[in-house]
Amino acid sequence: MLDKVAVSVRDLRMTYTSTKPVHALKGVSIDIREGEMLLIMGPSGSGKSTLLSIIGGLLTPTAGSVAVLGSEITRLRRKELARFRLRNFGYVFQGFNLFNAMTGAENVELAYNVRGIRGRRARKASRDLLAQLGLEEHANRPARDLSGGEKQRVAIARALAGDPCAILADEPTSQLDTENGAIVTNILSDLARKRGTTIVITSHDDRIRRGAEHVVQLDDGRL
Amino acid sequence: MALCGIVFAVTLLTVQVALFSGFSNSTTLPIAESSADVWVCAPEMLYFEGTLPIAYGTVAKIRAIPGVARAEALSLGIARWRSPHDELALGRVIGFDPRGTLFNPGNSNRATVDLLRKPYAFAVDATQLHILDLRAGQSGVIGTLPAHLAYVTRGTQPIVSATFFYTSLETANAYTPSALSFFSPPGSAPPPLEDTDPIMYVLVKAKNPAASAQLAAAIQRSIPHVRALTRAQMLAATRDYWVKRTGIGFILSLIALMGAFVGIVIVGQILYTSINEHFQEYGTLKAIGVNDAYLYGVIALQATCMAVIGYVLSLALTFSIRGIAAERGVDILITPGGALLVLAAALVICIGAGMVAMQRVVRSDPALVFRA
Ligand SMILES: Nc1ncnc2c1ncn2[C@@H]1O[C@H](COP(=O)(O)OP(=O)(O)OP(=O)(O)O)[C@@H](O)[C@H]1O
Ligand SMILES: [Mg+2]
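Residues numbered from 1 in each chain as written. Chains lettered and ligands numbered in written order. Predicted model: local features only at pLDDT ≥ 70, side-chain atom pairs only at ≥ 80, totals over all residues. Heavy atoms only, no water.

Participant: With reference to specific residues and values, describe the interface of chain B and chain A.
Facilitator: Contacts between the two partners involve 18 residues from chain B, matched on the other side by 18 residues from chain A. At the boundary of chain B with chain A, total buried surface from both sides reaches about 1,600 Å², with 62% on carbon and sulfur atoms. Joining chain B to chain A, the criterion identifies 1 salt bridge. One salt bridge connects R78 of chain A with D292 of chain B, and the closest N-O pair in it is separated by 2.5 Å. Linking chain B with chain A are 6 residue pairs in polar contact (both at pLDDT 80 or more), by the criterion used here. Taken together, the elements giving at least two residues each to the side of chain B that touches chain A come down to α11 (279–288), α12 (292–327), α13 (336–363) and α14 (366–371) of chain B. Top contributing element to the side of chain B that touches chain A by residue count: α11 of chain B, with 7 residues. Split into classes, the residues belonging to the side of chain B that touches chain A amount to 10 nonpolar, 3 polar and 5 charged. (Contact = heavy atoms within 4.5 Å. Buried area = accessible area lost by both parts, 1.4 Å probe. Salt bridge = Lys/Arg side-chain N within 4 Å of Asp/Glu carboxyl O. Polar contact = N/O pair within 3.5 Å; in protein donor to acceptor, adjacent residues only side chain to side chain. Helix = DSSP H or I, 4+ residues; strand = E, 2+ residues; numbered from the N terminus. Nonpolar A, V, L, I, M, F, W, Y, C, P; charged D, E, K, R; others polar.)

Next comes the structure, spelled out in structure tokens:
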């Protein structure tokens, strides 16, 4: 296993000011190594989603720094940050966020298309990915007709389409039953082990702990 | 639902643009109907109905000018109409030569126009019958003289004008309330016009229609105290009068503009709502890392579809409204230019509104898009 640092977070602070100020993160520092699976645990409202969003370049922090593979992403402009996300990150969401009118395969193809891979190549690549995740017979069904576990696996396939260096998953199992939750967790930890993909997961579910090699606890905006 | 709103907004715009073109077209109907190349009138002429009389003798003088193929008189007078059931209405008597070729309201055939050679016969636009309280074959009274409905025309009545009664020059002259017509014994035919009788226009057909401007200039040079205008000048003078000098043109353009504004607001609202409904999806695309152009492209495509579908449906709707309006003499005119203008406006409005509504997605951090 490589020991290189993939993500380095230093003294991260986030204050939401849209209504009355909410100090969601109060100085968080952490190093995430390449190819490790990091689990961020914590009660509801502790700032897990906020931290994960900032690491993934989905949210601009109030203060602090996030270096991904050596480049500081909090200082990137919107356009550069979008390109950075496209190249380096894959996301898995609690609510799956699939395009429900499209089939599972089309959802994955879209992720290839936005990266400039189109047509037959995109179709083949997405089928291969779905097959790896045991979804070959569901590829042509509309996403809305899939079960929760199947949806989340399609979402993982979509996240993998850009061959990202890191996958960020915000409570990926909280809408799944124990069995499907375990399947998804295993897929993610396999990815870390076999592909060397860095995985960051948030959860308040203790059952997910087993697969993770590195677990941190977030409480009220502090580790 | 969203489409309903867009159809409504675009129909609003289409109808208003069509009303405006219909109005602007309607004001110049009598001129457009005439095949005259040159119109000769009093120097004071402001627009078709707003002019002063010239002498009937002018017609003969113009016929003598080289380059003139034909010259015919056209008169305009006020008509006080009394229906068979004693309903009153005010109108305009338009006198022309039924034997001539330069004026023929509604392009009726020869035999039909010949009906006006009978004394006290008139033609009127179909939309005016209910105003005149009159049915085919019935008679009323204009001034003190009888008036028999000879035939009915279609699409000849400007909405801005009082009812046009089309008659022969002689009958028109008799109807015009002067001392003479008052004393003319009932039953006798109206006398032919004398050189000093008033008419309003001399319609001139040029031997060479391409040189009508030169002919107009020649006429104006050889006959004192008249103005000679080409057909185009006459059309422009009348259209400009109604569109620019009266409040009507201003009001109609204002209403059309308001229609556009209301359209923008409605369409903006709809696209905004639609974007909000798909916030998760846009947020997901944004999180994945698509660039701004991609997001704008998605909304532009959606907006274009909406605009085009909305446009087609609203054109259909406008055409059906058109039938209802036509029965009331209001012309909703959908010209190719107008239709294109509305399509362009619909596209600009939809795409513009979509872009503005998309701003919120584009500008904010993807994580915040999710939470919204
Ligand atoms: N956009 C926002 N505007 C204002 N306050 C926010 C916003 N997003 C999060 N917060 C607040 O910041 C705090 C941390 O929120 P966050 O979503 O990061 O917690 P979490 O640990 O992910 O909770 P959960 O387990 O419920 O998902 C909470 O108090 C939340 O109310
Ligand atoms: Mg959360």
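Participant: Can you explain the pairing of strand β4 (residues 63–68) of chain A? Please cite residues and give values.
Facilitator: All names here are of chain A. Note that strand β1 (residues 5–16) and β4 share 5 bridges and pair antiparallel. Bridge assignment links R10 to a residue of β4, and that residue is S65. As judged from the 2 bridges shared by β4 and strand β5 (residues 71–72), these two strands associate in the antiparallel manner. Its bridge partner being in β5, A67 is matched across the sheet by E72. Joining the antiparallel neighbours β4 and β5 is a turn of 2 residues, in which L69 adopts a positive phi near 50°. (Pairing = 2+ DSSP bridges.)

Participant: Describe the sheet that holds strand β6 (residues 89–92) of chain A, and please don't skip the residues or the numbers.
Facilitator: Residue and element names in this part refer to chain A. A sheet is described by the order of its strands in space; here 5 strands give the open sequence β6-β7-β8-β3-β9, paired in parallel fashion. Pairing within the sheet leaves two strands with one partner each, and these edge strands are β6 and β9 (214–217). In this sheet, adjacent strand axes meet at a mean angle of 15° when their direction is disregarded. Bridge count between strand β3 (residues 37–41) and strand β8 (residues 198–203): 5 bridges; the pairing is parallel. When the bridges of β8 are listed, L38 appears paired with V200. Against the sheet, helix α2 (residues 78–88) engages β6 and β7 (166–170), with an angle of about 80° to β6. (Axes fitted to C-alpha atoms, helices over the stretch in contact; angles between N-to-C directions.)

Participant: Summarise the sheet that holds β1 of chain A; cite the residues concerned and give the values.
Facilitator: Across a sheet, strands are paired by hydrogen bonds formed along the backbone, either parallel or antiparallel in direction. Residue and element names in this part refer to chain A. With antiparallel pairing, 4 strands are arranged side by side in an open sheet as β2-β1-β4-β5. Each end of this open sheet is capped by a strand with a single partner; those strands are β2 (22–33) and β5. Taken together, the 9 bridges between β1 and β2 define a ladder with antiparallel strand orientation. Each bridged residue has a counterpart across the sheet, and for M14 the counterpart in β2 is L25. This element, helix α1 (residues 48–55), spans β1, β2 and β4 of the sheet and lies at about 125° to β1.

Participant: Tell me what's going on with the nonpolar core, and back it up with residues and numbers.
Facilitator: Residues and elements named next belong to chain A. Within the largest apolar cluster, 38 residues are counted, with the highest numbers of intra-cluster contacts made by I156 and L188. Among the elements of the structure, β3, α3 (104–113), α4 (119–132), α5 (148–160), β7, α6 (178–195) and β8 are those that each provide at least two residues to this core. The dominant element in this core, judged by the number of residues it contributes, is α5, at 6 residues. Those residues in contact with I156 that lie beyond four places of it in its chain are V92, L133, V184, I187, L188 and L191. With 34 residues, the next largest nonpolar core counts L12, L25, I30 and F84 among its residues. (Core = buried A, V, L, I, M, F, W, Y, C linked by side-chain atoms within 4.5 Å. Buried < 20%, exposed > 50% of the residue type's maximum accessible area, 1.4 Å probe, protein only.)

Interpretation note: all reported values are geometric properties and have no functional meaning in isolation.
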